[in-house]
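Each chain is listed here by its residues.
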Amino acid sequence: MTSIELDMLQTAGIGALALVIGMVLTRKVSILQKLCVPSPVTGGIIFSLLTLALYGWFDLEVSFDSTLMDVFMLAFFTCVGFQSDMRMLKKGGKALVIMLVLLVMIITLQNLMPLGITRLMGVDPLLGIAAGSVSMTGGHGTAGGFAAVLEEMGLVGADSIGMAAATFGLIAGSMVGGPLADLIIRKRLTNEQKQPKDETIDPAMAGIESDEASPMGRAERVSTNEQEFQQYAKACYWIILVMGGGTVISWLLEKTGIKFPPYFGALILAAVVRNLIGVVRVKEEGKWVSAEKYLDMERIISVSNICLSLFLGMAMITLQLWELKSLALPLIVILAAQVLLMVLFVLFVAFPMLGRDYDAAVLCAGICGFGLGATPNAMANMSAICYKYHYSAKPFIIVPIIGAMFTDLINAGIITLFLNLL
């Protein structure tokens, strides 16, 4: 086996190329627009298939450096923190509680169902755990974290099984979420429900996709190029400053002994900064106004969209699809059942519980993303839906909070419970 190792700049360059190709294909291929498949996923899958062909036909393995991918992820979640306005969170309080209930239900079902399949097929139940919420809701990080435990309990190849299952989930979460939410909107919502409730929405919030501009995002710019530069520079300075400060918070959180995502410190600090500045008042032209405008949220959101697209594009090209070739029949059955479970759960449980409205449909796209893949997949799924229709504020506040603050903790607790019951 020959190996080619690409450095962080080469990896970023290919990720950006995949994103551009995905943008072009999304604009040219109507079915991709109709199914709301995110552009980074479209282009990234092409490169993943290319590396799979090189691996299978030419015995050549391509490996990537994830350094810049991690930086883009951190920047994206920092921007998400800046968007966490507690005033808006109060409005979405009920939906947040419902999402937590749904999260517990999803994780529990993702473990119960594969255990039932392994019993019917007469195979090791630990295989069901490895292909359960460990790799679905948990993703690659949790799969890697629990691999040693499963190996110790007797599951041979737990790491490879978990990584392969998480890879499958990442792809499935990206491919299922947008089309399913689009189907819900077209078939289950009235024309009135599909319309935005607030016609005065910020244009930047409407233009979710960094590579596309929604009709609401095409407002005329009244500032000069120099002013635009200064505003984007200021936004970048805020983001980098909080990213740096967030590393200190993450270091302190590590001291608690609880495992948190690497971006959690920056996300929390950004949310604190946003809400503290929101209550500060400054005097301008004889009037007291909110200091929030100094954050320039419109530009921060634009940078957020760019970082999300680049991160997801790089994440998709680094998928090692050949790991799926080693899946045994029981694992293939379990993974197919996980996707079916998610589709049925969203249609008949999540959508009704969340209120059967447009916000609920967008949240359903997010549920597919983080329930099968990861939080960035959820954000990309929701972005694709909002680009096709219109922006929805609550999902972009609730999903990152669920993904960052609750998913890993709840998932680890439930997995531990199931392992102790075996």
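Novice: Where do I start with helix 4 (residues 67–82) in this structure?
Specialist: Along an α-helix, residues three or four positions apart point the same way, because every turn accommodates 3.6 residues. Counted at 1.5 Å a residue, the expected span for helix 4 with its 16 residues is 22 Å, and the 23 Å between its end C-alpha atoms agrees. When you tally the buried positions in helix 4, you get twelve out of 16 residues, the bulk of the element.

Novice: So what exactly am I meant to see when it comes to the packing of helix 6 (residues 93–121) against helix 15 (residues 329–353) here?
Specialist: Any two packed helices are characterised by how steeply their axes cross, that is the angle between the axes, and by the distance between the axes. The contact between helix 6 and helix 15 brings their axes to 10 Å, and the two run at 150°. The pairing of helix 6 with helix 15 is recorded here as roughly antiparallel in orientation. At the point where helix 6 passes helix 15, the crossing takes the right-handed sense. Between helix 6 and helix 15, the residues in contact are I98, V101, L102, M105, I106, L109, Q110, M113, P114, I117, T118 and M121 and L329, P330, V333, I334, A337, Q338, L341, M342, F345, V349, A350 and M353, respectively. For the contact of helix 6 with helix 15, a count of residues per class yields 21 nonpolar, three polar and no charged.

Novice: Teacher, can you tell me more about the confidence of the model for the protein here?
Specialist: Detailed reading of predicted coordinates is not advised where the pLDDT is low. When pLDDT is averaged along the protein, the result is 82, and 87% of the positions lie at 70 or above. Ranking the helices and strands of the protein by mean pLDDT puts helix 15 first, with 94, and helix 11 (residues 203–206) last, with 39.

Novice: Quick question: what am I supposed to make of the packing of aromatic side chains here?
Specialist: Taken as a whole, this structure holds two aromatic pairs when the rule is applied. Both rings, one in Y358 and one in Y389, keep their centres 6.4 Å apart while their planes meet at 70°; by these two values the pair is edge-to-face. Taken together, the residues Y358 in helix 16 (residues 358–372) and Y389 in the loop between helix 17 (375–388) and helix 18 (393–421) connect sequence positions 31 residues apart. Consider the rings of Y391 and F396, whose centres lie 5.3 Å apart with planes at 25°: the pair is stacked.

Novice: Looking at this structure, I do not really get the nonpolar core. What am I missing?
Specialist: With 104 residues, the main nonpolar core has F82, M99 and I367 as its most contacted residues. For F82, the residues in contact, after removing those within four places along its chain, are W238, I239, V242, A270, A271, V273, R274, L295, M297 and I300. Judged by nonpolar contacts, the second largest core, of nine residues, contains I45, L312, M316 and L321.

Novice: Would you take a moment to explain the pattern of salt bridges for this structure?
Specialist: Any two side chains of opposite charge can pair, so long as their charged atoms come close to each other. Tallied over the entire structure, the rule returns four salt bridges. Each of D182, R186 and K388 takes part in a single network of salt bridges with overlapping partners.

Novice: I keep staring at unusual backbone geometry and nothing clicks. Help me out?
Specialist: Peptide bonds are, in most cases, trans, and in most cases residues other than glycine have a negative phi. The backbone of D59 sits at a positive phi, close to 55°, despite the residue not being glycine. Along the chain, D59 falls in the loop between helix 3 (39–58) and strand 2 (60–63). Looking at D59, the relative accessible area reads 38%, which means it is partly exposed.

How each quantity is defined
- Residues numbered from 1 in each chain as written.
- Predicted model: local features only at pLDDT ≥ 70, side-chain atom pairs only at ≥ 80, totals over all residues.
- Heavy atoms only, no water.
- Helix = DSSP H or I, 4+ residues; strand = E, 2+ residues; numbered from the N terminus.
- Expected span 1.5 Å × (residues − 1).
- Buried < 20%, exposed > 50% of the residue type's maximum accessible area, 1.4 Å probe, protein only.
- Axes fitted to C-alpha atoms, helices over the stretch in contact; angles between N-to-C directions.
- Parallel < 35°, antiparallel > 145°, perpendicular 65-115°, else oblique.
- Left-handed = near helix turned anticlockwise from the far one by under 90°.
- Contact = heavy atoms within 4.5 Å.
- Nonpolar A, V, L, I, M, F, W, Y, C, P; charged D, E, K, R; others polar.
- pLDDT = per-residue confidence, 0-100.
- Phe/Tyr/Trp six-rings, centres within 6.5 Å; stacked < 30°, edge-to-face > 60°.
- Core = buried A, V, L, I, M, F, W, Y, C linked by side-chain atoms within 4.5 Å.
- Salt bridge = Lys/Arg side-chain N within 4 Å of Asp/Glu carboxyl O.

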